[in-house]
Amino acid sequence: MNTKVEASLNKQINAEEHASRLYFAMGAWCDRNGFAGSAKYLYAHAEEERMHMIKLVNYINERGGTVVIDALPKPQNDWSEILNVFKDVLAHEQKITEMINAMFEVCMQEKDYLTSNFLQWYIQEQVEEESGARTILDKLTLAGNTQGGLFHFDKEMMTMAAASAANQSVQ
Ligand code: OFO
């Protein structure tokens, strides 16, 4: 496997695993602050990021490359309010999008068209990930910073978490 492409995929393995742990930490914060629906949603999101990591691991192995599981940064564990949790989700997804674009760029420079084709799945996924995060932020803005509004917001997050779990079990 092309060594530059392999290095950029390994970097992404690390980023996906970090994203998984960050969303897990966010879920734990939501749980301890009374947002059970948001916690469930974020725990499911953490699992998804882990799947993104495993998909990359399998791909490198299939192509005869070498997977490197590297050290991870400590994720943030505290937020001042739920709005900031989901602002950080969007910011993180935007960062992941930039990284995926950079990986794609490396594939183009190295003329690794098989891997650029493989990355199409991640590119498409980012459209959904960013738009999902924006939808949640819109809902939070509509809910306002009132107990009633946040209660309804969290109930909706519970429904969204259940829907995405059902979706994953049929895939
Ligand atoms: Fe949420 O991003 Fe993975 O790829």
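Here, every reference points to the structure presented above.
Here is what the cut-offs are and how they apply
- Residues numbered from 1 in each chain as written.
- Predicted model: local features only at pLDDT ≥ 70, side-chain atom pairs only at ≥ 80, totals over all residues.
- Heavy atoms only, no water.
- Salt bridge = Lys/Arg side-chain N within 4 Å of Asp/Glu carboxyl O.
- Helix = DSSP H or I, 4+ residues; strand = E, 2+ residues; numbered from the N terminus.
- Buried < 20%, exposed > 50% of the residue type's maximum accessible area, 1.4 Å probe, protein only.
- Axes fitted to C-alpha atoms, helices over the stretch in contact; angles between N-to-C directions.
- Parallel < 35°, antiparallel > 145°, perpendicular 65-115°, else oblique.
- Left-handed = near helix turned anticlockwise from the far one by under 90°.
- Nonpolar A, V, L, I, M, F, W, Y, C, P; charged D, E, K, R; others polar.

Enquirer: I tried to follow the pattern of salt bridges on my own but got confused; where do I start?
Expert: Any two side chains of opposite charge can pair, on the condition that their charged atoms come close. Under the defined criterion, the tally for this structure stands at four salt bridges. As a salt-bridge pair, R63 and D112 come within 3.7 Å of each other at their nearest N and O atoms. Highlighted residues: R63 in the loop between α2 (36–62) and α3 (82–109) and D112 in the loop between α3 and α4 (113–143), separated in sequence by 49 residues. Look at D112 and you get buried, because its relative accessible area is 7%.

Enquirer: What am I meant to see in the packing of helix α1 (residues 3–32) against α2 here?
Expert: Geometry of a packed helix pair, given as the angle between the helix axes and the separation of the axes. At a minimum axis separation of 8 Å, α1 and α2 run at an interaxial angle of 165°. Between α1 and α2, the angle falls in the class roughly antiparallel. As α1 packs across α2, the resulting crossing turns out to be left-handed. Classifying every residue of the contact of α1 with α2 by side-chain character gives 18 nonpolar, seven polar and six charged.

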